[in-house]
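Coordinates in review
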Amino acid sequence: MNSSPNFATPRTRPTPTIHFQATLGRPTKKTGRLSIGAFASAARGLLPGVLAGLERDHPALEVRLTEVDPHLSVDLVAKGVIDLAVAHDWDIAPLPAAEGVAQAVIGDDRCDLLVPEGHRLAGREAVRREELAKERWICQPPGRVCHDWLVRTLRAAGYEPDIRHQAEENHTQLALLAAGLGVAMIPRLGRGPLPAGVVAVPLDPVPVRRLYALWRAGAARRPAITAAVTALQAHGATAGLT
């Protein structure tokens with residue numbers, strides 16, 4: 001079986017075409033240091049298992065994780081500040097392009113509408129975005145990928161979202177939801193169990209964000225990059241990414 005990572009073409013922007021097959025299959029010892037940057041919910045919901053697996057399988061490889069915003073991660077990789085980034089984008093909010101940065105798809109993360117228990121939409125089989133025009137929203141602050149995506153999505157549905165509360169952390173948003181202060185769209189990865197008083201309702205169509213591993217094209221031959229990307233894709237599947 002070929003254990004090489006699945007290096008896929010991005011949805012919205014060209015990246016270098018890297019031919020890995022001649023190098024990825026070599027039984028090379030993984031040593032040295034590898035710095036990884038990841039956005040918050042990936043750092044919480046995906047990276048712990050990845051880091052533990054790399055430490056177990058490659059004890060001579062020193063891996064360091066830093067939590068970074070997806071908007072910043074591409075530039076950090078391009079400048080060599082970090083070796084590998086886990087970032088995400090949405091179909092209408094693509095990652096910024098950067099010369100010399102290659103990528104592999106890790107998987108797709110689905111997003112749900114979360115509402116307080118007893119909300120008019122709680123218990124529905126599915127909700128369309130056009131039905132949400134009068135809702136009060138809880139979301140991340142402006143400049144964050146999820147905020148920009150929410151605003152663009154609801155504007156495309158024909159209305160301006162009424163954003164009442166802004167919070168960086170998903171757990172803060174969930175606490176505001178449980179208090180009945182609004183509704184939110186929150187992806188599943190790293191979200192954790194919903195607190196009492198919060199209900200997930202499927203959206204139609206289902207919003208999906210795509211997760212990527214990013215690295216400098218010139219570093220593609222590093223065995224540590226190969227090992228990390230392979231681990232990210234494997235753990236993405238077990239974390240519920242599709």
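Nothing here was measured: the structure is a model prediction, and the numbers come from that model. (Residues numbered from 1 in each chain as written. Predicted model: local features only at pLDDT ≥ 70, side-chain atom pairs only at ≥ 80, totals over all residues. Heavy atoms only, no water.)

Thoughts on helix α3 (residues 47-57)
Residues of α3 that are buried: Leu-47, Val-50, Gly-53 and Leu-54. Along the axis of α3, the buried residues cluster in a sector spanning 130 degrees; they form a single face. When the buried face of α3 is taken as reference, the exposed residues oriented beyond 90 degrees from it are Glu-55 and Arg-56. For α3, the elements touching its buried residues are β1 (32-38), α2 (40-45), β2 (61-67), β3 (84-90) and α7 (223-238). (Buried < 20%, exposed > 50% of the residue type's maximum accessible area, 1.4 Å probe, protein only. Helix = DSSP H or I, 4+ residues; strand = E, 2+ residues; numbered from the N terminus. Arc of directions from axis to C-beta. Contact = heavy atoms within 4.5 Å.)

Things to note about the side chain of Ser-35
Take Ser-35: it is sitting in strand β1. Judged by relative accessible area, which is 17%, Ser-35 ranks as buried. Look past the residues within four positions of Ser-35 in its chain and what remains in contact with it is Arg-64, Val-81, Ile-82, Asp-83 and Leu-84.

Looking at the packing of α3 against α7
What describes two packed helices is the angle between their axes and the distance between those same axes. At a closest axis distance of 9 Å, the pairing of α3 and α7 adopts a crossing angle of 135 degrees. Here α7 runs oblique to α3, going by the angle between their axes. As for the relative orientation of α3 and α7, their crossing is right-handed in sense. Contacts between α3 and α7 pair Leu-47, Gly-49, Val-50 and Leu-54 from the former with Ala-227, Ala-228, Ala-231, Leu-232 and His-235 from the latter. The residue makeup of the contact of α3 with α7, split by class, is 7 nonpolar, 2 polar and no charged. (Axes fitted to C-alpha atoms, helices over the stretch in contact; angles between N-to-C directions. Parallel < 35°, antiparallel > 145°, perpendicular 65-115°, else oblique. Left-handed = near helix turned anticlockwise from the far one by under 90°. Nonpolar A, V, L, I, M, F, W, Y, C, P; charged D, E, K, R; others polar.)

Some points on the nonpolar core
Among the nonpolar cores identified, the biggest contains 30 residues, and Leu-46, Leu-47, Leu-84, Val-86, Ile-106, Trp-215 and Leu-232 are the most heavily contacted of them. If you list the elements that add at least two residues to this core, you get β1, α2, α3, β3, β4 (101-116), β9 (208-216) and α7. Per element, the largest residue contribution to this core is 7 residues, and it comes from α7. Excluding residues within four positions of it along the chain, Leu-232 makes contact with Leu-46, Leu-47, Val-50, Leu-84, Val-86, Ile-106 and Ala-213. Formed by 21 residues, the second largest nonpolar core is a distinct cluster that contains Trp-137, Leu-150, Tyr-159 and Met-185. (Core = buried A, V, L, I, M, F, W, Y, C linked by side-chain atoms within 4.5 Å.)

A word on helix α6 (residues 170-178)
Buried within α6 we find Asn-170, Gln-173, Leu-174, Leu-176 and Leu-177. Down the axis of α6, the sector holding all buried residues measures 160 degrees, keeping them to one side. For α6, the elements touching its buried residues are α2, β4, β5 (136-139), β6 (162-166), β7 (184-187) and β8 (198-201). Among the residues trailing α6, Gly-180 stands out with phi positive, at a value near 80 degrees.

As for the side chain of Asp-112
Secondary-structure assignment places Asp-112 in strand β4. Exposure remark for Asp-112: the relative accessible area of 6% places this residue in the buried category. A polar atom in the side chain of Asp-112 sits 3.1 Å from the side chain of Arg-191. What Asp-112 contacts, discounting residues up to four positions off in sequence, is Ala-184, Met-185, Ile-186, Arg-188, Arg-191, Ala-200, Val-201 and Leu-203. (Polar contact = N/O pair within 3.5 Å; in protein donor to acceptor, adjacent residues only side chain to side chain.)

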